[in-house]
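Observations on chain architecture
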Amino acid sequence: DYPALRLKLQQAPRRDPSYNKIVHELNVLSSGIEAGRAELDDVRRKAGEVQGEINAFLTAFDEFNVLMAKGPGFAGKRDLSAEESEFYGWMRRSAEAMEENFRTLSVGEAKRGSHIVVQAAINDRGRASLLVDTGATFTVLSQRAAQALGINPEGSPGSARLHLADGRAVYGQVAILDSVEVAGMTAHRVEAVILPEFEEGLDGLLGMSFLKRFDVRVDPEAGRLILRDMK
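Residues numbered from 1 in each chain as written. Predicted model: local features only at pLDDT ≥ 70, side-chain atom pairs only at ≥ 80, totals over all residues. Heavy atoms only, no water.

**A word on the packing of aromatic side chains**
Pairs of aromatic rings are described using the distance from one ring centre to the other and the angle between the two planes. The following threshold applies: Stacked, tilted and edge-to-face are the three classes assigned to paired rings of Phe, Tyr and Trp, where Trp is represented by its six-membered ring and a pair needs centres within 6.5 Å; plane angles under 30 degrees give stacked, over 60 edge-to-face, the rest tilted. Here a strand is any run of E in DSSP of at least two residues, a helix any run of H or I of at least four, and the numbering for each starts at the N terminus. The classification of residues rests on relative accessible area computed with a 1.4 Å probe and restricted to protein chains. Under 20% of the type maximum is buried, over 50% is exposed, and intermediate values are partly exposed. We count a charge as sitting over a ring when the NZ of a lysine or the CZ of an arginine lies within 6 Å of the ring centre and within 35 degrees of the ring normal.
According to the stated counting rule, one finds five aromatic pairs in the structure shown. Taking 5.7 Å as the distance between ring centres and 25 degrees as the angle between the ring planes, the aromatic pair formed by Phe87 and Trp90 counts as stacked. Within this pair, Phe87 and its partner Trp90 are both found in helix H3 (residues 82-98), separated by three residues, close to a single helical turn. With relative accessibility at 48%, the residue Trp90 sits in the partly exposed group. A ring pair is formed by Phe210 and Phe214, whose centres lie 5.2 Å apart and whose planes are at 50 degrees; its orientation type is tilted. By the ring-pair criterion, three or more aromatic residues cluster together here, those being Phe57, Phe61 and Phe102. Across the ring face of Phe102, the terminal group of Arg228 is positioned such that the distance to the ring centre comes to 5.9 Å.

**Quick look at the packing of helix H1 (residues 2-11) against helix H2 (residues 18-68)**
The criterion, for reference: Every angle, taken between N-to-C directions, lies between 0 and 180 degrees, and every axis is a line fitted to C-alpha atoms, over only the stretch in contact when it is a helix. Note that the term roughly parallel is reserved for angles under 35 degrees, roughly antiparallel for angles over 145, roughly perpendicular for angles of 65 to 115, and oblique for everything else. In this scheme the crossing of two helices becomes right-handed for a clockwise turn of the near helix relative to the far one and left-handed for an anticlockwise turn of less than a right angle. The contact criterion used throughout is that any non-hydrogen atoms of two residues lie within 4.5 Å. Under the scheme applied, nonpolar residues are Ala, Val, Leu, Ile, Met, Phe, Trp, Tyr, Cys and Pro; charged residues are Asp, Glu, Lys and Arg; polar residues are all the others, including Gly.
The contact between H1 and H2 brings their axes to 10 Å, and the two run at 155 degrees. Relative to H2, the element H1 is oriented roughly antiparallel. Remark: the crossing between H1 and H2 carries left-handed chirality. Taking contact as the criterion, the partners of Tyr2, Leu5, Arg6, Lys8 and Leu9 in H1 are, on H2, Tyr19, Ile22, Val23, Glu25, Leu26, Leu29, Ser30 and Ile33. Across the contact of H1 with H2, the residue classes break down as nine nonpolar, one polar and three charged.

**Thoughts on the sheet that holds strand S10 (residues 215-219)**
Applicable threshold: When DSSP locates at least two bridges between a pair of strands, those strands are taken to pair.
With antiparallel pairing, three strands are arranged side by side in an open sheet as S1-S11-S10. Both outer strands of the open sheet, strand S1 (102-107) and S10, are each paired with one neighbouring strand and no more. Pairs of neighbouring strands in the sheet enclose a mean axial angle of 15 degrees, with direction left out of account. Taken together, the six bridges between S1 and strand S11 (residues 224-230) define a ladder with antiparallel strand orientation.

**Comments concerning the pattern of salt bridges**
The condition that has to hold: Salt bridge, as applied in this entry: a Lys or Arg side-chain nitrogen positioned within 4 Å of an Asp or Glu carboxyl oxygen.
Counted according to the given criterion, the structure contains eight salt bridges. Residue Arg37 pairs with Glu34 through a salt bridge whose shortest N-O separation is 2.9 Å. Of this pair, Arg37 and Glu34 are both found in helix H2, three residues apart, which corresponds to roughly one turn of the helix. Overall, the relative accessible area of 47% leaves Glu34 in the partly exposed class. Where Arg217 meets Asp62, a salt bridge forms, and the shortest distance between an N and an O atom there is 2.0 Å. Linking Arg217 in strand S10 with Asp62 in helix H2, this pair joins segments that are 155 residues apart in sequence. On the basis of relative accessible area, Arg217 is assigned to the partly exposed category, the value being 42%. Accessibility expressed as a relative area gives 18% for Asp62, which makes it buried. Each member of the salt-bridge network shares a partner with another, and the members are Asp42, Arg45, Lys46 and Glu49.

Rendered as structure tokens:
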């Protein structure tokens, strides 16, 4: 309603009795918008905290499985009592059952040197070839790719400074992508930086603004990006 009401205000003469009423309605709407933004920011913060807890849990679960793989004698005992053996078996069965709560996907369409290239669906409008970079804070899109995907950084949250692999520092406009999907794993409201140009044959980088939403592993030898999350 806000844009329509602003247009109505611009068209209303200041001496018109409805002018002050429109100003009041705009102020009420503005307050509601700001309150909504604050609530959304709080939800995003909490979502980030929850994702951090999920990733920590997945890491601990992996460490537990490594320990269990050493066998019943991992605690230094050669022989276990019947009760200990039964408990050890129960732990193994419980860990296997917990695997059903996880979703793991592996993807990798190509390689550039030691880096992996994946195809990402952006805003459900098209796909982009992105170089996986766990050292990049932001996901990056070239200006050409952004235009092809209908992404307009005007009115964006601002600009960001990036350091490229060759040591150069470049500036780009920040854009908020509605969604980024890689191999069935989707993240919403992903921060991206639009750069005037990027490496030939690529549309950009898949950085931590997407990857931090998941438990991430990179297998450079197999050329695979492994994403894991709770179902």
